[in-house]
Amino acid sequence: MKIGIFGGTFNPIHLGHLAACEAVHSGHELDRVLLLPSGAPPHKQDHRQLAPVHHRLEMARIAAEGIEFLEPCAVEVERPGPSYMVDTLEILGERHRGDELFLIVGGDTVGELSTWYCWQRLFALSRVVSVNRPGFNSGFEAESFPGISEEVLQQCRADRIEMEEVDISSTRIREFADAGGDYSSWVPPAVGDYIASHGLFSS
Ligand code: ATP
Ligand code: MG
């Protein structure tokens, strides 16, 4: 099986996330894509506006409803301490022996990958597949990924999926929610209802 791994803070999950999953699912003929809300995101130190993890997981579950290849995965949520993707891939690799893992990342994340804990291992544990994100166009240039072979980087460039741009971010959704603005066209309707009914992101 070909399994996509899509991690994020998902604070909240939005239509840009779902478009990325759809695009990589069809582009690489994946069997399943797992949505992994991060427990304690190592990159996000400002936790003031971070919704509790059970809400972020529930929104991922709601968003995946009705999309047959998509499912929430609680592996990062269940683990204490910081969520390092390399540990997650080790765990999922054990769980899905014989399957091929595809680590899905948006264009902004490509530029940050080499700051992640044990980042070089990510390329050994998975095929790293990027999707474009408006405003970010980091590729897999050799100078940004020391120690990764040109062959692997070529594969990453070839694996990259170009989708129709979706200019949505969770940050903007939180800002709109806090200001009483209308963010409903950026999230699945049921996620919008969940945010409103739980009063998430409004101070
Ligand atoms: P925040 O604004 O809080 O950082 P975000 O919208 O960037 O939220 P994340 O949860 O940080 O969402 O991102 C999870 C993954 O989704 C990352 O790999 C990110 O690059 C990707 N991603 C997020 N939004 C988009 C988008 N609009 N298009 C393509 N990829 C995206
Ligand atoms: Mg982000």
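The text that follows walks through the structure, step by step, so that each part is easy to find. (Residues numbered from 1 in each chain as written. Chains lettered and ligands numbered in written order. Predicted model: local features only at pLDDT ≥ 70, side-chain atom pairs only at ≥ 80, totals over all residues. Heavy atoms only, no water.)

## Considering the overall build of the protein
What the protein contains, in helices and strands, is nine helices and five strands. Secondary structure elements of the protein occur, N-terminal to C-terminal, as β-α-β-α-β-α-α-β-α-α-β-α-α-α. The globule rule puts the C-alpha radius of gyration for 203 residues at 17 Å, and the 16 Å found for the protein is close to it. Its C-alpha atoms give the protein principal-axis dimensions of roughly 50 × 35 × 35 Å. Within the protein, the proportion of its 203 residues that are buried is 49%. Of the contacts formed within the protein by residues at least 6 apart in sequence, a portion of 74% connects residues at least 24 apart. (Helix = DSSP H or I, 4+ residues; strand = E, 2+ residues; numbered from the N terminus. Rg over C-alpha atoms; globule rule 2.2 N^0.38 Å. Buried < 20%, exposed > 50% of the residue type's maximum accessible area, 1.4 Å probe, protein only. Contact = heavy atoms within 4.5 Å.)

## Considerations on the packing of aromatic side chains
One pass over the full model with this rule turns up seven aromatic pairs. On the numbers, 4.8 Å between centres and 65° between planes, the contact of Phe-176 with Trp-186 is edge-to-face. Taken together, the residues span a long stretch of sequence, with Phe-176 in helix 8 (residues 170-179) and Trp-186 in the loop between helix 8 and helix 9 (189-198) at a distance of ten residues. Note on Phe-176: relative accessible area 31%, which makes it partly exposed. In this structure an aromatic cluster arises from ring pairing among Trp-119, Phe-123, Phe-140 and Phe-145. Directly above the aromatic system of Trp-186 lies the positively charged group of Arg-172, at a separation of 4.8 Å from the ring centroid. (Phe/Tyr/Trp six-rings, centres within 6.5 Å; stacked < 30°, edge-to-face > 60°. Lys NZ or Arg CZ within 6 Å of the ring centre and 35° of its normal.)

## Some details on the pattern of salt bridges
This structure, assessed with the given rule, holds eleven salt bridges. Of the charged contacts in the structure, one is a salt bridge between Glu-150 and Arg-157, with a shortest N-O distance of 2.8 Å. Taking the relative accessible area as the measure of exposure, Glu-150 reaches 39% and is therefore partly exposed. Taking the shortest distance from any N to any O, the salt bridge between Arg-172 and Asp-167 comes out at 3.6 Å. Judged by relative accessible area, which is 27%, Arg-172 ranks as partly exposed. (Salt bridge = Lys/Arg side-chain N within 4 Å of Asp/Glu carboxyl O.)

## Brief notes about the nonpolar core
Membership of the largest hydrophobic core comes to 38 residues, with the highest contact counts inside it found for Phe-6, Ile-13, Val-33, Leu-35, Met-59, Leu-70 and Val-191. Put simply, the parts of the chain that give this core at least two residues each are helix 1 (15-27), strand 2 (32-37), helix 2 (53-64), strand 4 (100-106), strand 5 (127-131), helix 8 and helix 9. Cys-73, Leu-103, Leu-113 and Ile-148 belong to the second largest nonpolar core, which has 25 residues in total. (Core = buried A, V, L, I, M, F, W, Y, C linked by side-chain atoms within 4.5 Å.)

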